[in-house]
Amino acid sequence: MNNRFLHVGQKAGTVFFEKNRYEPSAIEDTQQPVQTKPSEILSLATDVVGNNGDKALKYTPWGDDNLQPVRLLEDIKACGVLNGGLHAKIRLGIGKGVMPMRLITTDQNGKETLEPVNDPEITEWLEDNDIASHTYGWFMDLCGIGQDLARFKFNNAGTRVGMMWRHDITEMRYEPKNDKGYIEHVHLSARWSEGRNWRALSGGDLITLPFINTQNAISTLKEMPAEKRAKKEYAMVCRLPDWNKHYYSDPLWYAARKWVEIAKGVPVMKAAMFENNIRLKYKVVIYAEYWDTHIPNWTTMDPTEQEDARKAVYDEIDEFLAGAENAYKSIFVDGKLDPVTQQRYSLIDIEPIEDSTKQGELLPDSAAANIEILFALMMNPALMGANSFGKGYGGGAGSGSDIREATMVQIMIQEFERQCVSKKLNLVAHINGWKDRIPELVWRFPGLILTTLDKGKSTENMVS
């Protein structure tokens, strides 16, 4: 124990010690275990020459063609229920945003007693770094892409983390693992998907940062001399736990990617149907006798004049049939009685054409896709206005109890994403000395939950 003896009380015999606020954890004195090194990636990653001509860089492709994040983003942005479901998860998980709290007590049931930390240094740092926006981005990356990326930079003296921010995870590629199975660097570029040779990126097209493993990030940086950290920038990545994924995790919704294709395809098909389908209302048949008996000088007209006369009649009939103001009106046409057969017939026949289009076609498929996508997101469809046990398109929103319970469950199951944000802020708290001054410092996400009307209010504060 790193305690210093101070004094022995004369009356009660009390022994006073000064306890160090930071004691090195056991992990600092433990050598990192050797990790597995996948061989399938090495056949895809290629060495290239960097700026100085003597350092070889390797980029681990994300997907077979290095364009997997591009495809993920295309699916998210083109699928309304997927995009909306992701952002609903983010808002429910964040609540009012991350806040520094002092953990006073924790009872035997895990219920915490907290009080806000009113520390100007911490508050100013959070505001200057716009942590609220970056928290939203980290949640978005974890839920939508399966991993997030934090960049943090030390001040000129190397004594404090001056800046930390979220970088678009789709621009990040890992360096392949070293001989011990660890990643040492990550590479950032906005040009992976431009169709150029991504293996040859270098110079201004590329940012290379040292990679800090989340396993022992705090101890690694605390042991590093300040002069070595001065002005330096590092990267930390949090990933969703996955199977058989040595570098990049799949997001949860990826299990429903076939349903995403259906959800994307239905609107396209419906739009094409509306644009290309011919929907005729009436069939009008005009017999040849009509022109002879109703158009003056018909037999002496040249073909051009006859065609103009026909179009005038067509337009007159069409104008009479179309429009709401002509609904339920009567139309009069000339008829004729055959003196021989005594049969009656008209010179103009107007027949309505039945619309054979099936109303609501493809909407059940779309509804099924929407629900399957929300299930893959671990999102109760009731939160998005759809009861999964109903019939038809959506099946109704469900009861108020369904929505309240679904809201609380959704907040509960996003603790992992909140812990990933807390992990980043804890690193800053240890380096910047906040934990030394406030050992009880923790990070929590206050929010609101819906309540029943008999409580006399529509919402209630909660801390997650």
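Please refer to the structure placed before this passage.
Predicted model only: the values in this text are computed from it and were never measured.

Here the focus is the overall build of the chain. Within the chain, the regular secondary structure consists of 13 helices and 19 strands. The buried share of the chain, taken over its 464 residues, is 37%. In the chain, 63% of the contacts between residues at least 6 apart in sequence involve partners at least 24 apart. Working note: accessible area of the chain is about 27,400 Å², and carbon and sulfur atoms make up 52% of it.

Here strand S17 (residues 441-444) shows two buried faces, one formed by Leu441 and Trp443 and the other by Val442 and Arg444. As judged from the 4 bridges shared by strand S5 (residues 99-106) and S17, these two strands associate in the antiparallel manner. Within S17, the position partnered with Pro100 by the bridge is Trp443.

Backbone hydrogen bonds are what pair the strands of a sheet, in a parallel or an antiparallel way. One open sheet holds the 3 strands; their spatial order is S6-S5-S17, and the pairing between them is antiparallel. Edge strands, defined here as strands with exactly one partner in the open sheet, are strand S6 (112-116) and S17. Recorded for the sheet is a direction-independent mean angle of 50° between the axes of neighbouring strands. Bridge count between S5 and S6: 5 bridges; the pairing is antiparallel. Within S6, the residue paired with Met101 across the bridge is Pro116.

Taken as a whole and judged by the stated rule, the model has 15 aromatic pairs. Both rings, one in Tyr59 and one in Trp192, keep their centres 5.5 Å apart while their planes meet at 70°; by these two values the pair is edge-to-face. Here Trp192 lies in the loop between strand S10 (185-188) and strand S11 (207-210) and Tyr59 lies in the loop between strand S4 (56-57) and helix H1 (68-78), a separation of 133 residues in the sequence. Ring geometry for Phe152 and Tyr234: centres 6.2 Å apart, planes at 25°, overall stacked. Taken together, the residues span a long stretch of sequence, with Phe152 in strand S7 (residues 147-154) and Tyr234 in strand S12 (residues 233-239) at a distance of 82 residues. Tyr234 matches Phe152 in its accessibility class, with the two residues each being buried. Of the aromatic side chains, those joined through ring pairs into one cluster are Trp62, Tyr174, Phe211, Tyr247 and Tyr248. Over the ring of Tyr254 we find Arg257, and its NZ or CZ is 4.4 Å from the ring centre. Above the face of the Trp138 ring, Lys424 is positioned so that its terminal group lies 5.2 Å from the ring centre.

Here we take up the sheet that holds strand S9 (residues 172-174). The sheet built from 3 strands is open, its strands ordered S9-S10-S11 with antiparallel pairing. Looking at the sheet topology across the chains shown, the edges are occupied by S9 and S11. Ignoring strand direction, the axes of neighbouring strands in this sheet form an average angle of 30°. Pairing of S10 with S11 involves 4 bridges; the strand directions are antiparallel. If you follow Leu188 over to S11, its bridge partner there is Ile207.

For the structure shown, the criterion picks out 15 salt bridges. Two residues, Arg444 and Glu112, come together in a salt bridge whose shortest N-O distance is 2.8 Å. In this pair, Arg444 sits in strand S17 while Glu112 sits in strand S6, placing the two residues 332 residues apart along the sequence. One salt bridge connects Arg151 with Glu233, and the closest N-O pair in it is separated by 2.4 Å. Here Arg151 is found in strand S7, whereas its partner Glu233 is found in strand S12, with 82 residues between them in sequence. The class of Arg151 is buried, set by a relative accessible area of 10%.

Residues other than glycine seldom take positive phi values, yet Lys231 does so here, at roughly 60°. Locating Lys231 in the fold gives a position in the loop between helix H6 (226-229) and S12. Of note, Asn297 is a non-glycine position whose phi angle comes to about 60°, a positive value. Within the secondary structure layout, Asn297 lies in the loop between helix H8 (288-294) and helix H9 (303-321). On the basis of relative accessible area, Asn297 is assigned to the exposed category, the value being 57%.

Definitions and limits used
- Residues numbered from 1 in each chain as written.
- Predicted model: local features only at pLDDT ≥ 70, side-chain atom pairs only at ≥ 80, totals over all residues.
- Heavy atoms only, no water.
- Helix = DSSP H or I, 4+ residues; strand = E, 2+ residues; numbered from the N terminus.
- Buried < 20%, exposed > 50% of the residue type's maximum accessible area, 1.4 Å probe, protein only.
- Contact = heavy atoms within 4.5 Å.
- Areas by Shrake-Rupley, 256 points an atom, 1.4 Å probe, with all protein chains shown as cover.
- Pairing = 2+ DSSP bridges.
- Axes fitted to C-alpha atoms, helices over the stretch in contact; angles between N-to-C directions.
- Phe/Tyr/Trp six-rings, centres within 6.5 Å; stacked < 30°, edge-to-face > 60°.
- Lys NZ or Arg CZ within 6 Å of the ring centre and 35° of its normal.
- Salt bridge = Lys/Arg side-chain N within 4 Å of Asp/Glu carboxyl O.

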